[in-house]
Amino acid sequence: MAKLFLSLHVIAAIIAIGPVTVAASMFPPALRRAHASGPPHEGLGTLRLLHRLCRVYAYVGIAVPVFGFATASALGVLGDTWLLVSIALTAAAAGVLALKILPVQAREVAALDGAEAGGGSVPPGRLAMVTGVFNLLWVVVTVLMIVRPGSTTGV
């Protein structure tokens, strides 16, 4: 059963986390171009699509920790330090996405769409930095999942 859960965990990570990191990384440069184009904002459809991809795949991404916990339980490693650190970093990444990236994307799209007065509140460079932190958290989690300090695999 552990192999099935591990396979589902890895597949979910590839299918869900990969697109979120790519779409979130593409949003700030697209936002810069939209701001530079002036009304009517060129690339607004691209921004809407990137935001929708981030939002949808964030929900799909819930499968990653679900299958991760199932795998860890089947392998008996729920108390291992590397896993606890990975869980904390995954929670941090989810928090950055849910509290920093998605709301800013939504506000920026709404502002460019004319639904909000006053324009966006976060410069594209700052959003790019926050997105970089989000991506870096996933890189560290991935490395921890591969290296697994103290694991008994010997690899």
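Predicted model only: the values in this text are computed from it and were never measured. Within each chain, residue numbers correspond to sequence positions counted from 1 in written order. At least 70 in pLDDT is required for a residue's local features to be given in this predicted model, at least 80 for side-chain atom pairs to be given and counted, and no such filter applies to totals for whole chains, interfaces and linings, which use all residues. Working from all heavy atoms in the structure, the side-chain values ignore hydrogens and water.

(A) Spatial organisation of the overall build of the protein. Here a helix means four or more residues in a row that DSSP labels H or I, a strand means two or more in a row labelled E, and each is numbered from the N terminus. A count of helices and strands for the protein gives five helices and zero strands. If you list the helices and strands of the protein from N to C, you get α-α-α-α-α. Its C-alpha atoms put the protein at 60 × 25 × 20 Å along the principal axes. Counting only residues that meet the buried cut, the protein has 34% of its 155 residues in that class. Across the protein, every contact between residues at least 6 apart in sequence was considered, and the portion connecting residues at least 24 apart equals 80%. For every residue, the accessible area obtained with a 1.4 Å probe (protein chains only) is divided by the maximum for its type, and the residue is called buried under 20%, exposed over 50%, and partly exposed between those limits. We call two residues in contact whenever any of their non-hydrogen atoms come within 4.5 Å of each other.

(B) Spatial organisation of the nonpolar core. The nonpolar core is taken to be a set of buried Ala, Val, Leu, Ile, Met, Phe, Trp, Tyr and Cys residues, with the residues joined through side-chain atoms within 4.5 Å. Phe 27, Leu 47, Ile 101 and Phe 134 are the most contacted members of the largest nonpolar core, which totals 30 residues. Taken together, the elements giving at least two residues each to this core come down to helix H1 (2-37), helix H2 (44-60), helix H4 (81-113) and helix H5 (124-147). Top contributing element to this core by residue count: H1, with ten residues. If we skip the residues at most four places from it in the chain, Leu 47 touches Phe 27, Ala 30, Leu 31, Ala 34, Val 109 and Leu 112.

(C) How the structure looks around the UniProt feature "transmembrane region" (unreviewed entry) in the protein. Under the UniProt annotation, the feature "transmembrane region" (unreviewed entry) is placed at residues 57-75, 82-102 and 127-147. From the first C-alpha to the last, residues 57-75 spans 27 Å; its make-up is 89% helix and 0% strand. Note that residues 127-147 is 100% helix and 0% strand, and that its end C-alpha atoms are spaced 30 Å apart. UniProt positions are given in the numbering used here, feature names are shortened, and annotations may be inferred rather than shown by experiment.

(D) Local environment of the environment of Gln 105. Within the fold, Gln 105 resides in helix H4. The buried category is assigned to Gln 105, whose relative accessible area is 0%. Note: C-alpha distance between Gln 105 and Leu 44 (61 residues apart in sequence) is 12 Å. Setting aside its immediate chain neighbours within four residues, Gln 105 contacts Ala 24, Phe 27, His 51 and Cys 54.

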